[in-house]
Structure formats: structure tokens, C-alpha cells
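Descriptive structure summary
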Amino acid sequence: MRIRAAVLRGASAAYSLEDLELAPPGPGEVRVRVAGAGMCHTDQLPRIGLADVPIVCGHEGSGVVDAVGEGVSRLAVGDHVVLSFDSCGRCRPCVQGAPAYCDTFIDRNLTGRRPDGTSSLVDAVGGHVGGRWFGQSSFATHCLATERNAVKVDPSLPLELLGPLGCGVQTGAASILVAMKVRAGSSLVVFGAGAVGLSAVMAAAIAGAATVVAVDLHQHRLDLAAELGATHVVLGDTPDLLESIRDLTDGGADFSFDTTGVPHVMLHALGCLRMTGVCGYVGVQHGTLELDDMALVGKTVLGIIEGGADPQRFIPVMIDHWRAGRFPFDRLVETFPLDQIAAAEQSSLAGGTIKPVLIPER
Ligand SMILES: [Zn+2]
Ligand SMILES: [Zn+2]
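Quoted straight from UniProt, the Cofactor (unreviewed entry) entry for the protein chain says "Zn(2+)".

Okay, structure coming up:
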């Protein structure tokens, strides 16, 4: 099928909007007409050499199933779906309900090919273009996903806004509610008030955390964090940052969550904890982390992928919280037409737009 997609052809190239040929859905696959696709920082991986080009990125897609492959039983043409990361369903972590730690996570989500090595996208001159990015490649009018990574949702929901529930928003919320199990009455410090951090702030309020401190370099993001449930906000370049946080958390936080991957910020996340504190790390780490002798004493560190969530279970939970008015993730979203992808990327990287969602032309 002929589709239109935003192709990245070089690490520092601009996206090019191209007509591509999308393979028909194979066994276990579904084809989705994309309604919207969130842009996430992980879409930058090909730009820093951690994924091959050319590729169609986009891994927070939502849309309508318009074809199904052999053996698909849980989904049918016309179903509304939110797309998340792919997993095998058979390895030990998958069987234990933790598909974010699937043994085949990298093969399925970051190689641009199907798990069997085949290609699903071909360009106008017959060249391979990476597809199936996080089991989808949704910066396009259509994409292929699998029955496992497409989560059926109620058709009355605003479909075009739901894609971020598949990665960034899920990562923030599930890190708090699933991976770290933040307790009612506890204190939490969130470093980075982007889509992941702000989702964590909203989830911490749901969990009943008594003190939620948001730290960021942008005042407008901190203002939003305060509206979404942060009890305190601190600019990241405050002198004596750790001391300020210790003051706000009665000597040290029970939980901390770093969304930046910046080593000195990660050290702050560890350093602001009290004994028995739990620190969660998500995102791509930018450089080596050097720990001093006492850094880990009495503390627990979790390296978290996708919040540790099973999307089939957790996406419906987030939707229920949204319907109840407790989880207004749509306040993070700003929509852009797919052909404005460069502007969306620029605004996101500059800290302006928190969660761009790209809408393909109809
Ligand atoms: Zn698996
Ligand atoms: Zn992501």
C-alpha cells in the first residue's frame, strides 16, 4: 500500500515527507491508519547514531485498524487502538507480566526491521527504509503493528491525542505507580518536567504522595507542574539545590525520579534521598555516572524501561484516571500537521512544546 511518511535519511538531515510502499500485514500484524503520533525523545536515537537510517520513527501512534494479518484474533478492522512498544509474549519477563524488559526488546523496537529481519517499508526507488520503530513507525499515514502492541480503546475517546499514552506518558506514570510503587504520604522529587516528568507528577498525586517536588530549568514547565500536582517547584540551577530539596522533604526524599539522563542530575536524584529511599532512572543516559564511596549506602536504584508497565493493562488504567479528571495528560499535548514535523521537533528540543503530536493529512 502507498503511504506518506516522514523519513529520516541522515543523523543531521531534515525529515523528508515521502511516498513509501508499506507491506501488507503479516501473521500477527495489523495495519493502522494513524490518527496522531506523539514525538518522544527516544525518536532522537537515530540522530545520535544509536539507530540506522533511513528510518521512519514515531512510536506513540494511535489510529484505526484498517487491515489484519493471519492469525489476528483480538483485533478487527475498525477498532480504535493506541500503539506501544512491541514484545514477544514468550520470554521470562513477558510471561511474568513485564514486557518492557522483553529479551527481544531491542530487536523488536530499535532495529527498523521485523523480528525475522524482513523489511516492511520500501521507498520510491525500491530501497529499504527502516520501519516497525517500536513495533510501529507512526510518523506516517499508516503503519504496521502487532496484536501485542496495539491496545484497543473506546471509540468515544479523542483518538488523535491518545498516542503519548503508549510511551512517554506511560513511562512517567507507570514508573511511579508500577515500578517504584510510590506510597501515600511519601515524598517524591521529579527531575525534568517534560512529558515523562509531568506524567510522573500527576501519577504521584494519584498515589497520594504528600510532597511532590518538581525540578526543571524552565519556569513555564514548573508552573504547569504546580498545576498538575507538584507541591513545590525548584529551578534546576538554584545554588545549593540539594539543600533546598532536603529542606522541602524533611531531610531527604523517600523517592526520586530522573527523566533527564544527565549524569550530574542523576547524581542529584540519588543525593536527595534519605536512607531507604528509592531512585528511579529512565531515559537515555548521556555519559558516565561516577559514584562516590557512600552514594549507594542505604538506597535502592531502579533502571526503569517504559515504567515497567504492560501496556495492555496500564493504558486502560491511565484512560480511567483521565476520565475521572485525575490525569489530564492532554494538557501536555500540542498538535502539529505531520508535514510540520521539523517545527515540532525544534519546539520540543528547545523546551517549548512539552508533547508534540503529529497529525497526518486526511
Ligand atoms: Zn518477551
Ligand atoms: Zn518514547
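Of all 6 residues that make up strand β11 (residues 211-216), 5 are buried, and the element is covered over most of its length. Pairing of strand β10 (residues 187-191) with β11, which is carried by 5 bridges, proceeds in the parallel orientation. Bridging across to β11, Val189 finds its partner in Val213. Since β11 and strand β12 (residues 232-235) lie parallel, the crossover through helix α5 (residues 219-228) that links them has a hand, and here it is right-handed.

Here the focus is unusual backbone geometry. Both trends apply: most residues other than glycine have a negative phi, and most peptide bonds are in trans. In this chain, Val53 is followed by Pro54 through a cis amide linkage whose omega measures -5°. Mapped onto the fold, Pro54 is located in the loop between β3 (29-38) and β4 (60-68).

Moving on, we come to the packing of helix α3 (residues 168-179) against helix α8 (residues 311-323). One can describe the packing of α3 onto α8 by two numbers: an axis separation of 11 Å at closest approach and a directional angle of 95°. By the criterion of interaxial angle, the relationship of α3 to α8 is roughly perpendicular. From α3, Val169, Gln170, Ala173, Ala174 and Val178 reach across to α8, where they touch Pro311, Phe314, Ile315 and Met318. The residue makeup of the contact of α3 with α8, split by class, is 8 nonpolar, 1 polar and no charged.

Turning our eyes to something else, we now look at the sheet that holds strand β1 (residues 2-7). Here we have 4 strands laid out as an open sheet, ordered β1-β2-β6-β7, and antiparallel in their pairing. Two strands close off the open sheet at either side, each with one partner strand: β1 and β7 (128-129). Across 6 bridges, the pairing between β1 and strand β2 (residues 16-22) is antiparallel. When the bridges of β2 are listed, Ala5 appears paired with Glu18.

What counts as what
- Residues numbered from 1 in each chain as written.
- Chains lettered and ligands numbered in written order.
- Predicted model: local features only at pLDDT ≥ 70, side-chain atom pairs only at ≥ 80, totals over all residues.
- UniProt positions renumbered as here; feature names shortened; annotations may be inferred.
- Buried ≥ 20, exposed ≤ 12 C-beta atoms within 10 Å, placed from the backbone.
- Helix = DSSP H or I, 4+ residues; strand = E, 2+ residues; numbered from the N terminus.
- Pairing = 2+ DSSP bridges.
- Right-handed = clockwise from strand over helix to strand, strands pointing away.
- Axes fitted to C-alpha atoms, helices over the stretch in contact; angles between N-to-C directions.
- Parallel < 35°, antiparallel > 145°, perpendicular 65-115°, else oblique.
- Contact = placed C-beta atoms within 7 Å.
- Nonpolar A, V, L, I, M, F, W, Y, C, P; charged D, E, K, R; others polar.

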